[in-house]
Amino acid sequence: MHIKFPEQFFFGTSTASYQIETPFEHDWQGEKTRDGHVFNRTSDHEKRFKEDAAIIAHCAPNYRMSLMWSKLQRAPFGDFDTDTVAEYRAFIEDLKARGVNIMMVLHHFTNPWWFASKGGWEKSANIAMWVDFAKRVVDTFGAYVSYWNTFNEPNVYTSCGWVMGNFPPHKHRLLLAMRVIHNMGHAHDLVYDYIKQKFPSHPVGISHNTVHFTHENLLGIVPAKLSDWWFMEHCLKPFTGKLDFFGLSYYAKMSHDPLPITYLDTPEKLEKLGRPHDDMWEYYPEGMKLAIERYWNRYKLPVIITESGVCTNDDKVRVQAIKDYLKIVHDCINAGIDIKGYYFWSTFDNFEWDLGPTFRFGLYETDLITRDRRKRPSADVFSGVAYGKQLEI
């Protein structure tokens, strides 16, 4: 069976600078990870800009990326470092020359030491520091950008940093998490206005991580509903006033019994239940359709899948995931939902935050020792649909 996507529909891949570039004075540097690594070296991207530009262009004609705040701006309200600007500009110009369009993410979880040391997103007085950075990015690189993504998955950022405590600053304070999400929402509004003033035709949105929360028994009903309320609803509200598109990422189903069931923490439960999974979560592509329908019916905003992928060392599983997810996207389009594009996570293996570099998402493999890239079969599968707009499933 072949499925064909509309001509205007676009495909891309996605990364985050912090997960692929060598850390530079930011609040993740030196973090110890679940797989025994330390967040001091990632994928050497800044040493391989030319090579990686060719890989990105091979995978798809669109790229969702970010720039390292701590490396660009080394003091509050400071001018950008000229050498770093030159390196990023050369890389982006190379991408553009290869026909790659850019979605720019302005905040992807990580902050400079100087920002974190002042209380980071916990303090409203600090909002102006990030807004200053974001405006400088718009001024410096805006001419190269097609879409803007102000905040990547603020629900993940606040939940992991201030509720579960597995991201910096490693706190367990729900009320403080609420303050953080409020401050980020205010920052989004300010930068939205600035982008629309400078580039009125550039669509601006966020990326909202979605999870299909459910339960296995009576004890799991309330925890699942609370998780859904916090993650899917409360953390989204501060951003919905000013959006040109709804950026949606999806990876997982999470059932409760009453505690969350994941392959990371309770692999034996998923195995006993006989549920498909990747190396992190229960695999349930149908949950993406439910999330798309949920937010489309509510907001009627154009949808962009800003991240979707699968954590696995088995590339056959990755190829099947591409087919499963794109079939769902195609079905939603046929049902009348305005979905503009789909970004696969990720272009090549990166450093998976608190878990480490052995958790693999890439269309290209990154060698753990040399950091050399090796193309996986999934890269050609995705490239084929990204440029040909059709896929055999």
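Given the structure is predicted, the values throughout are model-derived calculations rather than measurements. (Residues numbered from 1 in each chain as written. Predicted model: local features only at pLDDT ≥ 70, side-chain atom pairs only at ≥ 80, totals over all residues. Heavy atoms only, no water.)

**Student:** Describe in detail the overall build of the protein chain, supporting the description with residues and values.
**Tutor:** Helix and strand counts for the protein chain come out as 13 helices and 13 strands. Taking 393 residues into account, the globule formula puts the C-alpha radius of gyration at 21 Å, and the protein chain, at 20 Å, falls close to it. Taken over the C-alpha atoms alone, the protein chain extends approximately 55 × 50 × 45 Å along its principal axes. Looking at the 393 residues of the protein chain, the share that counts as buried comes to 61%. Total accessible area computed for the protein chain in this model is approximately 15,000 Å², and 54% of it derives from carbon and sulfur atoms. With 45 positive and 49 negative side-chain charges, the protein chain shows a separation of 3 Å between the mean positions of the two kinds. (Helix = DSSP H or I, 4+ residues; strand = E, 2+ residues; numbered from the N terminus. Rg over C-alpha atoms; globule rule 2.2 N^0.38 Å. Buried < 20%, exposed > 50% of the residue type's maximum accessible area, 1.4 Å probe, protein only. Areas by Shrake-Rupley, 256 points an atom, 1.4 Å probe, with all protein chains shown as cover. Lys, Arg positive; Asp, Glu negative; His and termini not counted. Charge placed at Lys NZ, Arg CZ, Asp CG, Glu CD.)

**Student:** Describe the layout of surface pockets, with residues and values.
**Tutor:** Empty space within the largest pocket amounts to approximately 1,100 Å³. Taken together, 44 residues make up the lining of the largest pocket; nearest its centre are Cys160, Met164, Asn166, Met254 and Trp281. Elements with a minimum of two residues in the lining of the largest pocket: α7 (154–163), β6 (204–215), α9 (218–234) and β7 (246–256). If you tally residues by element for the lining of the largest pocket, the top one is α9, at six residues. Classifying every residue of the lining of the largest pocket by side-chain character gives 26 nonpolar, 11 polar and seven charged. (1 Å grid on protein atoms, 1.4 Å probe; cavity = no way out; pocket = protein on both sides within 12 Å on 5 of 7 lines; lining within 4 Å. Points joined across faces, edges and corners; volume = space filled by probe spheres on them. Nonpolar A, V, L, I, M, F, W, Y, C, P; charged D, E, K, R; others polar.)

**Student:** Lay out the packing of aromatic side chains in plain terms, naming residues and giving numbers.
**Tutor:** In total, this model carries 40 aromatic pairs according to the counting rule given. With a centroid separation of 6.2 Å and an interplanar angle of 40°, the aromatic rings of Phe39 and Trp353 are classed as tilted. Linking Phe39 in the loop between α1 (17–20) and α2 (49–59) with Trp353 in the loop between β10 (339–345) and β11 (364–366), this pair joins segments that are 314 residues apart in sequence. Neither residue differs from the other here; Phe39 and Trp353 are each classed as buried. On the numbers, 6.1 Å between centres and 20° between planes, the contact of Phe109 with Tyr157 is stacked. Of this pair, Phe109 sits in the loop between β4 (101–107) and α5 (113–116) while Tyr157 sits in helix α7; the two residues are 48 residues apart in sequence, bridging distant segments of the chain. Using a relative accessible area of 3% as the deciding quantity, one classes Tyr157 as buried. (Phe/Tyr/Trp six-rings, centres within 6.5 Å; stacked < 30°, edge-to-face > 60°.)

**Student:** How would you summarise unusual backbone geometry if you had to cite specific residues and measurements?
**Tutor:** For the bond running from Pro168 to Pro169, omega is 10°, close enough to zero to count as cis. Locating Pro169 in the fold gives a position in the loop between α7 and α8 (174–198). Phi at Glu25 is positive, roughly 50°, even though this residue is not glycine. Within the secondary structure, Glu25 sits in the loop between α1 and α2. Judged by its relative accessible area of 38%, Glu25 is partly exposed. The residue Asp44 is not glycine, and still its phi comes out positive at about 60°.

**Student:** If you had to explain the nonpolar core to someone new, which residues and values would you point to?
**Tutor:** Formed by 121 residues in total, the largest nonpolar core has its most connected members in Met104, Trp121, Trp130, Tyr342 and Phe382. Examining the composition of this core, we find that 10 residues originate from one element, α8, more than from any other. Those residues in contact with Trp121, other than ones at most four positions away along the chain, are His107, Asn111, Phe115, Ile127, Trp130, Phe151, Tyr157, Arg179, Val180, Asn183, Met184 and Ala187. (Core = buried A, V, L, I, M, F, W, Y, C linked by side-chain atoms within 4.5 Å. Contact = heavy atoms within 4.5 Å.)

**Student:** Would you mind going over the pairing of β6 in detail, with residue names and values included?
**Tutor:** Taken across its 12 residues, β6 has 11 buried, putting it largely inside the fold. The pairing of strand β5 (residues 145–152) with β6 spans three bridges and is classified as parallel. In the strand pairing of β6, Asn149 is matched with Gly205. Note that β6 and β7 share nine bridges and pair parallel. Across the sheet, the residue bridging to Thr214 is Ser255, located in β7. (Pairing = 2+ DSSP bridges.)

**Student:** Mind laying out the state of the cysteines, listing which residues take part and the relevant values?
**Tutor:** Taken as a whole, this structure holds zero disulfides when the rule is applied. Looking at the unpaired Cys160, the closest cysteine sulfur is the one in Cys235, lying at 10 Å. (Disulfide = S-S within 2.5 Å.)

**Student:** Outline empty space enclosed by the protein, listing residues and values.
**Tutor:** Enumeration over the complete set of coordinates arrives at two cavities of 30 Å³ or more. Quantified by volume, the largest cavity comes out at close to 50 Å³. Thr42, Ser43, Asp349, Asn350, Phe351, Pro357, Arg360, Thr366, Asp367, Leu368 and Arg371 are the residues that line the largest cavity. Here the lining of the largest cavity is composed, by residue class, of three nonpolar, four polar and four charged. In terms of lining, the second largest cavity is formed by Thr15, Ser17, Ile20, Glu21, His45, Phe49, Tyr63, Met65, Ser66, Tyr88 and Phe91. Sorting the residues of the lining of the second largest cavity by element identifies α1, β3 (62–66) and α4 (82–97) as the ones contributing at least two each. By residue number, the principal contributor to the lining of the second largest cavity is β3, which donates three residues. Considering only residue class, the lining of the second largest cavity consists of six nonpolar, four polar and one charged.

**Student:** With reference to specific residues and values, describe the pattern of salt bridges.
**Tutor:** Taken as a whole and assessed by the stated rule, the structure comprises 30 salt bridges. Linking Asp94 and Lys50 is a salt bridge whose minimum nitrogen-to-oxygen distance equals 3.1 Å. Residue Asp94 is found in helix α4, and its partner Lys50 is found in helix α2; the two are separated by 44 residues along the sequence. For the salt bridge of Asp81 with Arg74, the shortest nitrogen-to-oxygen distance reads 3.4 Å. Accessibility expressed as a relative area gives 38% for Arg74, which makes it partly exposed. One network of salt bridges, in which partners are shared, links Glu216, Lys253, Arg275 and Glu282. (Salt bridge = Lys/Arg side-chain N within 4 Å of Asp/Glu carboxyl O.)

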